[in-house]
Amino acid sequence: MFLGVEWYWWLAIAAALAVSVPFKMKWIKGWSKRRQAQRKNQRGKWGDVDD
């Protein structure tokens, strides 16, 4: 018993972390791509229209 928690709960916590970390990394990469696309689309909107 470590920190008052049984061993199987630590196993469950480790499994949850092992599953959630890759999903979080994928979400962060997608988020940064969306932010870059938004910044790219905002360039040139304020008066410097190229015709």
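Since we're looking at a predicted model, the values are computed, not measured. (Residues numbered from 1 in each chain as written. Predicted model: local features only at pLDDT ≥ 70, side-chain atom pairs only at ≥ 80, totals over all residues. Heavy atoms only, no water.)

Visitor: Please set out the overall build of the protein residue by residue, giving values where relevant.
Guide: The helix and strand inventory of the protein stands at 1 helix and 0 strands. Per-residue burial for the protein yields a buried fraction of 0% across its 51 residues. Total accessible area computed for the protein in this model is approximately 5400 Å², and 64% of it derives from carbon and sulfur atoms. (Helix = DSSP H or I, 4+ residues; strand = E, 2+ residues; numbered from the N terminus. Buried < 20%, exposed > 50% of the residue type's maximum accessible area, 1.4 Å probe, protein only. Areas by Shrake-Rupley, 256 points an atom, 1.4 Å probe, with all protein chains shown as cover.)

Visitor: Lay out a nonpolar patch on the surface with the relevant residues and their values.
Guide: On the surface, a cluster of nonpolar side chains totalling about 940 Å² of accessible area is made up of Leu3, Trp10, Ile13, Leu17, Val21, Met25, Trp27, Ile28 and Trp31. Residue placement: tryptophan 31 occurs in helix α1 (residues 7-42). (Patch = residues over 30% accessible without salt bridge, like charges linked within 9 Å, V, L, I, M, F, W, Y side chains within 5 Å. Salt bridge = Lys/Arg side-chain N within 4 Å of Asp/Glu carboxyl O.)

Visitor: Report on the packing of aromatic side chains, specifying residues and quantitative values.
Guide: Scanning the model with the defined rule gives 3 aromatic pairs in all. Note on tryptophan 7 and tyrosine 8: the rings are 5.8 Å apart at their centroids and 80 degrees apart in plane angle, and the pair reads as edge-to-face. Its relative accessible area of 43% is what places tyrosine 8 among the partly exposed residues. Taken together, the ring pairs in this structure connect Trp7, Tyr8 and Trp9 into an aromatic cluster. (Phe/Tyr/Trp six-rings, centres within 6.5 Å; stacked < 30°, edge-to-face > 60°.)

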